[in-house]
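Chain and residue survey
For reference, the chains in residue letters:
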2 protein chains.
Amino acid sequence: MDMKAETTVMNGAESLVQTLVDAGIDTCFSNPGTSEMHFVAATDKIAGMRPILCLFEGVVTGAADGYGRMLRKPAASLLHLGPGLANGLANLHNARRAGTPMLNIVGDHATYHSQYDAPLNSDIVGFAQPVSAWIQRSANAEEVAGDAARAVSESLAGGGQIATLILPADTAWNESDGPASMPPVPERVTVSGARVDAVAAALMNGKKTVILISADALYGEALNNAGRIAQASGARLMCPTHPSRRQRGAGIVPIEPLPYFAEGIVAELERVEQLVLIGAKSPVSFFAYPGKPSWLTPEGCDTLTLAEREEDIEHALSDLADALGVGLATPPRAELQTTLPALSDKLDQFTLGQVIAHYLPENAIISDESNTSGIGPALSTLTAAPHDFLAVTGGSIGRGLPVATGAAVACPDRKVVCLHGDGGAMYTMQSLWTQAREELDVTTVIFASKSYAILNIEYDRVGVGAPGPNAFSQLDLRNPELDWVKIAHGMGVEASCATTLAEFSAQFEDAMNRKGPRLIEVLI
Amino acid sequence: MDMKAETTVMNGAESLVQTLVDAGIDTCFSNPGTSEMHFVAATDKIAGMRPILCLFEGVVTGAADGYGRMLRKPAASLLHLGPGLANGLANLHNARRAGTPMLNIVGDHATYHSQYDAPLNSDIVGFAQPVSAWIQRSANAEEVAGDAARAVSESLAGGGQIATLILPADTAWNESDGPASMPPVPERVTVSGARVDAVAAALMNGKKTVILISADALYGEALNNAGRIAQASGARLMCPTHPSRRQRGAGIVPIEPLPYFAEGIVAELERVEQLVLIGAKSPVSFFAYPGKPSWLTPEGCDTLTLAEREEDIEHALSDLADALGVGLATPPRAELQTTLPALSDKLDQFTLGQVIAHYLPENAIISDESNTSGIGPALSTLTAAPHDFLAVTGGSIGRGLPVATGAAVACPDRKVVCLHGDGGAMYTMQSLWTQAREELDVTTVIFASKSYAILNIEYDRVGVGAPGPNAFSQLDLRNPELDWVKIAHGMGVEASCATTLAEFSAQFEDAMNRKGPRLIEVLI
């Protein structure tokens, strides 16, 4: 027997895991099946990869989204053939819109087995295409490591995008040539001095201006520079309604989010003469409505783009601050201000929001999918302790719980607060089980409106009159009433229900003072 | 005001619903969003459409699959844009493999709105392609009704396939020309007399023969003819491991299913000289394994195809029975035989299976996703009261609960029994809520193995040794333990847990004697 071979030969799956670990990818959200068993085995043979089991693939991809939003590097998502990928697609859609670095590993039948069209055979590339910036199916075990290294690099391109690597079972179990090292990440396009100067000049032309920032401009030094620039130029600093990751709260540059509804955006942008886009797109209506506009930039308003999302936003903002001579100025900062309401006050989203803002610990992460119940908490937390705020970027509900899960894995020393509507939470409630298993520090607040509350509003807005019984039956979540305390207990998460503000306040304060997963259902 | 217009003009959504109702499509499994609000409103304006809300799209499509398997006509599935369709794809994959007639209505942004690439914009056709036999995006309100009529017709082609109609919001809200009538369903190919004669001759040539039947050959008069033919020719009558819909039990022609694992199929087919395929494909391994075969027809075995799944199987079997002169013979029938075990016996899948078989009422429907716990119940129920048996056709877990839900909607006078592993049940447990809301007569038995039991077996089979801690963590569902009684209660379904055979027997007997949704968790 060849001793050297015995000690050094890796199969394709092992070469893949070693390549990922070498590239700094040390976390894998996993929902495997038979065709991924060699990858699963490799997580024991190769040191340094932490697998985290999720009991549904929408949790896998949503958690990887939350993880990637916080760390700006991908976790691996391990998915079982086409249907496993399919179950993760909705949250991949959200991640694509968020510009999150993501790396999907999708197992497939052995290369020679596909021709037999066994029951699980499907068009994996077809499923992957609408959400992936890069797709590769490994041809053999020798190429797996190189494909994986390329996948990591591609996932980081342009600040973050989705790379999907399809791994036929035999490319995982056959002998490989060992790990590969990561090729350089494609460099982000540097914004030219001419573009910086043009924007700098425009900002000083006296026109009524909105600077709309998104992506990497929403946190860190880039946000500080955006604040300095807005302050120096007198422009209003705004961001999209649903940011991927936004820093907010005391000590952070304040940004006004665009409202959700088109008419709200139109009102906010009225008489604006100039729109400067930094990592953001021109505002459009979330949906179309009969007789309402889709394109929301006011007529006659000039639009200038400093940087596209994929370009080097951080440097562009630094250059622009320097061009305006404010690179060292103190940026505007929100001041800490929270007010605890009287505990005898009515329980509504505004009093709830005040309680949440008051007890929110420093450096928390809010994963928000509170939709119609979210205005109160969003307003109050603007001046709460500093925190990150992660929103539904692609409009596909059911990402709040898994994104919270992934963010908690990424940042184990930070409290994660998940604010969620009951309708959306039903999509990916399996997240709670992973939170319990991994003892993640997530407090979930379920706003139990007992309806698709947003759809009641939308039904009205599309102009079809009052809902009849059949329409009502498609918007209402009573009959039977969901009991989130029981659902959470069924998945091993401590839970309680609050029917008064005093109850909510006591439960939320308690949750903020302890670690570990916790759910509070609020009847609102 | 033009009185005629006031009373007769329909918008596109109304013309669509009226067209569906006129074509006999009277049930819609629904998970709508803003872009589908005009369809939702139309279910009140147009009489005859029953909307059934499901709190996740995997339930929508799985329920439509169960409904279509039983009634051989489609329900409508109402889905919200690309991500809503994406959440339903895994069960559409199963439905495609089942040959179920399915009709997806996928709302989309208004035609003029797509150019703005709002957050929910995505490549809906791309998502639909891997599972759909027919896809159409309506261009305007006038064409919606015609497109819908064509969609119904296409969904019925070849015995059943998936038609996806994409409905931009403005084609739903603009004025239409009213409903359209359904074009003729494309006729199924009639099997030629020459093919029938060739198979008839082969069946009498004295070779050791297996007749492998699937699809429409698995129930009704087609199954009787298959039984007559097997009996007359001495051939063995078999069916795939996971049939779409199969009649079994007392008074029904007995069929032997192919085993799940490749080596089991190889053993069963050893020395078979002739394989006759009727609506079935040649047997192949479900997965590939190192060193194990994928193609399972024995070497030297002749394969003859009487009819492909899409062809007219029923007539082909009738013609073949006549050609063999047995068209009026009494087909072989299973005899009723159930044995109640001693209640002090050990609780395992075999004693459980005996209890289930004993109490199963006549004409029940079993939706099976019991996987590793399913052998006992499958054996015992072979001679239970006659019933239909619906299996996981595409290998994508999480279809047992929704298929049971849809079957119960389709057949309100029949008891539905859903046998389900705990791992798979986590995927689409939202089905329980719809069962409670619609008061469906479904008894769900959860086999709580507390692990992905099949994967423990598969891990062993792929030859990677014993699972280490990381691998084990991806196969094991303990820590925390799922509590299905709490989960079911949280969604309004009566539930209990059985830890002994006596407990299970009492609970299952009680469930069979009452109507309405019920869940029994069995610790096995």
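A word on the overall build of chain A
Looking only at helices and strands, chain A features 21 helices and 18 strands. Rg of the C-alpha trace for chain A: 24 Å, near the compact-globule value of 24 Å for 524 residues, within the 12% margin. Considered along the principal axes of its C-alpha atoms, chain A spans approximately 75 × 60 × 45 Å. Considering chain A as a whole, with its 524 residues, one finds that 64% of them fall into the buried category. In chain A, once contacts between residues fewer than 6 apart in sequence are set aside, the share between residues at least 24 apart is 80%. Summed over its atoms, the accessible surface of chain A is roughly 16900 Å², and 51% of this surface lies on carbon and sulfur atoms. Each charge class in chain A was averaged separately, 36 positive and 59 negative side chains, and the resulting centres sit 5 Å apart.

Here we look at the interface of chain B and chain A
Contact with chain B, which involves 97 residues of that partner, is made by 97 residues of chain A. Between chain B and chain A the total buried area reaches about 8200 Å² when both faces are included, carbon and sulfur atoms providing 63% of it. Taken as a group, Thr34, Pro119 and Gln474 of chain B account for 8% of the area that chain B buries against chain A, more than any other trio of residues on that side. Connecting chain B to chain A are four salt bridges. Arg97 of chain A is the partner of Asp117 of chain B in a salt bridge, and the nearest nitrogen-oxygen pair spans 2.8 Å. Inspection of the region where chain B meets chain A yields 54 residue pairs in polar contact (both at pLDDT 80 or more). The element contributing the most residues to the side of chain B that touches chain A is helix H5 (residues 81–98) of chain B, with nine residues. Among the residues making up the side of chain B that touches chain A, the classes are represented as 52 nonpolar, 30 polar and 15 charged.

Things to note about the sheet that holds strand S2 (residues 50–53) of chain A
Adjacent strands of a sheet pair through backbone hydrogen bonds, lying either parallel or antiparallel. All names here are of chain A. One open sheet holds the six strands; their spatial order is S2-S1-S3-S4-S6-S5, and the pairing between them is parallel. Lying at the two open borders of the sheet, with one neighbouring strand each, are S2 and strand S5 (134–137). Strand-to-strand twist across the sheet, computed as the mean angle between neighbouring axes with direction ignored, equals 20°. Judged from the four bridges that link them, S5 and strand S6 (residues 162–168) form a sheet pairing that is parallel.

Quick notes on the relation of the copies chain B and chain A
Between the two copies, chain B and chain A, the superposition gives an RMSD of 0.0 Å; the rotation angle is 180° and the shift along the axis is 0.0 Å. Each copy turns onto its partner about a two-fold axis. In this assembly, 100% of the residues forming the interface of chain B have copies in chain A that are likewise at the interface, indicating an isologous arrangement.

Points about unusual backbone geometry
Residues and elements named next belong to chain A. At the junction of Asn479 and Pro480, the peptide bond is cis and its omega measures out at -5° in the coordinates. Turning to its location among the elements, Pro480 is positioned in the loop between helix H19 (469–473) and helix H20 (484–490). Assignment of secondary structure puts Asn479 in the loop between H19 and H20.

Thoughts on helix H11 (residues 262–269) of chain A
All names here are of chain A. Restricting attention to buried positions, one finds in H11 the residues Ala262, Ile265 and Leu269. The buried side chains of H11 occupy one side of the element, clustering within an arc of 60° when seen end-on. Tucked inside the fold, the buried residues of H11 contact strand S7 (209–213) and strand S8 (236–239). Where H11 terminates, the next one or two residues include Arg271, which has phi positive at roughly 65°.

A closer look at the pattern of salt bridges
Under the counting rule described, the total for this entry stands at 58 salt bridges over all chains. The closest approach of N and O atoms between Glu481 of chain A and Lys450 of chain A, which form a salt bridge, is 3.4 Å. Taken as a pair, Glu481 of chain A in the loop between H19 and H20 and Lys450 of chain A in the loop between strand S16 (442–448) and helix H18 (453–461) lie far apart in primary sequence, 31 residues in all. Measuring nitrogen to oxygen at the nearest pair gives 3.0 Å for the salt bridge that ties Arg514 of chain B to Glu494 of chain B.

Some remarks on the confidence of the model for chain A
If pLDDT is low for a region, its predicted coordinates should not be looked at in detail. Residue and element names in this part refer to chain A. Across chain A, pLDDT averages 96, with 99% of residues at or above 70. Across residues 1–6, where pLDDT falls below 50, the model places two contacts with residues more than four positions away in sequence or in other chains. Taken together, the chains of this predicted complex give a pTM of 0.97 and an interface ipTM of 0.97.

What to know about a negative patch on the surface
The grouping of Glu142, Glu143, Glu175 and Asp177 of chain A at the surface amounts to a negative patch. Positionally, Glu143 of chain A belongs in helix H7 (residues 141–156).

Observations regarding the packing of aromatic side chains
All told, the structure shown has 15 aromatic pairs over all chains when counted by the stated rule. A centroid spacing of 5.7 Å and a plane angle of 90° characterise the contact between Phe56 of chain A and Tyr427 of chain B, whose relative ring orientation is edge-to-face. Pair noted here: Phe56 of chain A is in the loop between S2 and helix H4 (57–71) and Tyr427 of chain B is in the loop between helix H16 (422–425) and helix H17 (431–437), and the two residues belong to different chains. Here the two residues Phe56 of chain A and Tyr427 of chain B agree in accessibility, since each one is buried. Both rings, one in Trp295 of chain A and one in Tyr116 of chain B, keep their centres 5.7 Å apart while their planes meet at 35°; by these two values the pair is tilted.

A short note on the state of the cysteines
This model, assessed by the stated rule, comprises zero disulfides over all chains. Its sulfur unpaired, Cys239 of chain A is 17 Å from the next cysteine sulfur, which belongs to Cys301 of chain A.

With respect to the pairing of strand S13 (residues 364–369) of chain B
All names here are of chain B. For S13, a buried count of six out of six residues is recorded, marking the element as mostly surrounded by other parts of the structure. Alternating residues of S13 divide into Ala364, Ile366 and Asp368 and Ile365, Ser367 and Glu369, and every residue in both groups is buried. When S13 meets strand S14 (residues 387–390), the two strands line up parallel, connected through four bridges. Looking across to S14, one finds that Ile366 is bridged to Phe389. Between S13 and its parallel partner S14, the chain crosses via helix H14 (residues 375–381), and the hand of that crossover is right-handed. By the bridge criterion, five bridges tie S13 to strand S15 (residues 416–421) in an arrangement that is parallel. Paired with Ile365 across the bridge in S15 is Val416.

Details of helix H15 (residues 400–410) of chain A
Of all eleven residues in H15 of chain A, eleven are buried; the element is thus mostly enclosed. For H15 of chain A, the complete set of buried residues consists of Gly400, Leu401, Pro402, Val403, Ala404, Thr405, Gly406, Ala407, Ala408, Val409 and Ala410 of chain A.

Structural notes on the pairing of strand S14 (residues 387–390) of chain A
Residue and element names in this part refer to chain A. Alternating residues of S14 divide into His387 and Phe389 and Asp388 and Leu390, and every residue in both groups is buried. For strand S9 (residues 246–248) and S14, the ladder comprises three bridges, and the chain directions are antiparallel. What sits directly across from Arg248, in S14, is His387.

A word on the environment of Gly220 of chain B
As for its placement among the helices and strands, Gly220 of chain B is situated in helix H10 (residues 220–233). In this structure, the C-alpha to C-alpha distance between Gly220 of chain B and Gly12 of chain B, residues 208 residues apart in sequence, is 39 Å.

Comments concerning the packing of H18 of chain A against helix H3 (residues 37–45) of chain B
For the pair H18 of chain A and H3 of chain B, the least separation of the axes is 10 Å and the interaxial angle reads 80°. One way to sum up the angle between H18 of chain A and H3 of chain B is to call them roughly perpendicular. Of H3 of chain B, the residues touching H18 of chain A (which contributes Leu455, Glu458 and Tyr459 of chain A) are Met37, Val40 and Ala41 of chain B. For the contact of H18 of chain A with H3 of chain B, the class distribution of residues is five nonpolar, no polar and one charged.

Considerations on the side chain of Thr61 of chain A
Inspection of the secondary structure assignment puts Thr61 of chain A in helix H4. Apart from the residues lying within four places of it in its own chain, the contact partners of Thr61 of chain A are Leu79, Gly88, Asn91, Leu92, Met102 and Asn104 of chain A.

Regarding a nonpolar patch on the surface
Taken together, the side chains of Phe350, Ile375 and Leu379 of chain A define a hydrophobic patch exposed on the protein surface, amounting to about 300 Å² of accessible area. Examined against the element boundaries, Phe350 of chain A turns out to sit in helix H13 (residues 349–359).

Observations concerning the sheet that holds strand S5 (residues 134–137) of chain B
All names here are of chain B. Spatial strand order, S2-S1-S3-S4-S6-S5: six strands in an open sheet with parallel pairing. If you trace the sheet from one side to the other, it starts and ends with strand S2 (50–53) and S5, each paired once. Neighbour to neighbour, the strand axes of the sheet diverge by 20° on average, direction disregarded.

Reading guide: rules and limits
- Residues numbered from 1 in each chain as written.
- Chains lettered and ligands numbered in written order.
- Predicted model: local features only at pLDDT ≥ 70, side-chain atom pairs only at ≥ 80, totals over all residues.
- Heavy atoms only, no water.
- Helix = DSSP H or I, 4+ residues; strand = E, 2+ residues; numbered from the N terminus.
- Rg over C-alpha atoms; globule rule 2.2 N^0.38 Å.
- Buried < 20%, exposed > 50% of the residue type's maximum accessible area, 1.4 Å probe, protein only.
- Contact = heavy atoms within 4.5 Å.
- Areas by Shrake-Rupley, 256 points an atom, 1.4 Å probe, with all protein chains shown as cover.
- Lys, Arg positive; Asp, Glu negative; His and termini not counted.
- Charge placed at Lys NZ, Arg CZ, Asp CG, Glu CD.
- Buried area = accessible area lost by both parts, 1.4 Å probe.
- Salt bridge = Lys/Arg side-chain N within 4 Å of Asp/Glu carboxyl O.
- Polar contact = N/O pair within 3.5 Å; in protein donor to acceptor, adjacent residues only side chain to side chain.
- Nonpolar A, V, L, I, M, F, W, Y, C, P; charged D, E, K, R; others polar.
- Pairing = 2+ DSSP bridges.
- Axes fitted to C-alpha atoms, helices over the stretch in contact; angles between N-to-C directions.
- Least-squares fit on C-alpha atoms with pLDDT ≥ 70 in both.
- Arc of directions from axis to C-beta.
- pLDDT = per-residue confidence, 0-100.
- Patch = residues over 30% accessible without salt bridge, like charges linked within 9 Å, V, L, I, M, F, W, Y side chains within 5 Å.
- Phe/Tyr/Trp six-rings, centres within 6.5 Å; stacked < 30°, edge-to-face > 60°.
- Disulfide = S-S within 2.5 Å.
- Right-handed = clockwise from strand over helix to strand, strands pointing away.
- Parallel < 35°, antiparallel > 145°, perpendicular 65-115°, else oblique.

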